[in-house]
Amino acid sequence: VIYHELMLRDPKGPLLSERFPRILEWLKRVHELPGVAEVCDLQVATRFYFSNDKMSLEDVNKRYNDFKLPWMPSLEELAAKRRSDGLPEHYLEPLP
């Protein structure tokens with residue numbers, strides 16, 4: 001999501017999946033490693049990278065949903081993980 005939005009030039013399209021599918025396969029394998037999935041919150045990362053755009057949380061969530069790959073966790077799964085980790089609800093709110 002972050003790479004697609006911030007680093008690819010227009011027109012963006014499905015460049016990685018069409019021209020570089022092995023990169024996506026590698027990313028999926030990395031994310032499936034036990035330690036990575038336990039500490040990587042893709043929604044929080046997306047929120048951080050778009051914080052300079054002053055995007056609302058709803059816009060960040062829409063962007064995540066629009067560009068996430070099928071193997072990436074849903075927003076609901078990420079929220080459940082944060083709750084199970086004991087993180088507060090305001091965890092995704094921007095810092096003042």
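Everything numeric here is computed off the predicted structure, so don't read it as measured data.

A. Spotlight on the side chain of histidine 31. In this structure, histidine 31 sits in helix 3 (residues 21-32). Judged by its relative accessible area of 13%, histidine 31 falls in the buried class. Sequence-distant contacts of histidine 31, that is, excluding residues within four places in its chain, are made with Val36, Ala37, Cys40, Leu42, Trp71 and Pro73.

B. Local environment of the packing of helix 5 (residues 42-49) against helix 7 (residues 75-84). Following both chains from N to C, one finds helix 5 and helix 7 inclined at 100°, their axes separated by 9 Å at the closest point. Classed by the angle they form, the pair helix 5 and helix 7 counts as roughly perpendicular. Listed contacts from helix 7 to Leu42, Gln43 and Val44 of helix 5 are Leu75, Leu78 and Arg82. Tallied by class, the residues present in the contact of helix 5 with helix 7 amount to four nonpolar, one polar and one charged.

C. Summary view of the packing of helix 5 against helix 6 (residues 57-67). In contact at an axis separation of 10 Å, helix 5 and helix 6 are set at 120° when each is read in the N-to-C sense. Looking at the two axes, helix 5 sits oblique to helix 6. In this structure, helix 5 meets helix 6 at a crossing whose hand is right-handed. Here Leu42, Gln43, Thr46 and Arg47 of helix 5 come into contact with helix 6, specifically with Leu57, Val60, Asn61 and Tyr64. Grouping the constituent residues of the contact of helix 5 with helix 6 by class yields four nonpolar, three polar and one charged.

D. The arrangement of the nonpolar core in detail. Within the largest apolar cluster, five residues are counted, these being Leu42, Tyr64, Met72, Leu75 and Leu78. With near-sequence residues (within four places) excluded, leucine 42 lies in contact with His31, Tyr64, Met72, Pro73 and Leu78.

E. Structural detail: a nonpolar patch on the surface. A surface patch of nonpolar side chains, amounting to about 370 Å² of accessible area, comprises Phe20, Ile23, Trp26 and Leu27. Here phenylalanine 20 lies in the loop between helix 2 (15-19) and helix 3.

Conventions and cut-offs
Residues numbered from 1 in each chain as written. Predicted model: local features only at pLDDT ≥ 70, side-chain atom pairs only at ≥ 80, totals over all residues. Heavy atoms only, no water. Helix = DSSP H or I, 4+ residues; strand = E, 2+ residues; numbered from the N terminus. Buried < 20%, exposed > 50% of the residue type's maximum accessible area, 1.4 Å probe, protein only. Contact = heavy atoms within 4.5 Å. Axes fitted to C-alpha atoms, helices over the stretch in contact; angles between N-to-C directions. Parallel < 35°, antiparallel > 145°, perpendicular 65-115°, else oblique. Nonpolar A, V, L, I, M, F, W, Y, C, P; charged D, E, K, R; others polar. Left-handed = near helix turned anticlockwise from the far one by under 90°. Core = buried A, V, L, I, M, F, W, Y, C linked by side-chain atoms within 4.5 Å. Patch = residues over 30% accessible without salt bridge, like charges linked within 9 Å, V, L, I, M, F, W, Y side chains within 5 Å. Areas by Shrake-Rupley, 256 points an atom, 1.4 Å probe, with all protein chains shown as cover. Salt bridge = Lys/Arg side-chain N within 4 Å of Asp/Glu carboxyl O.

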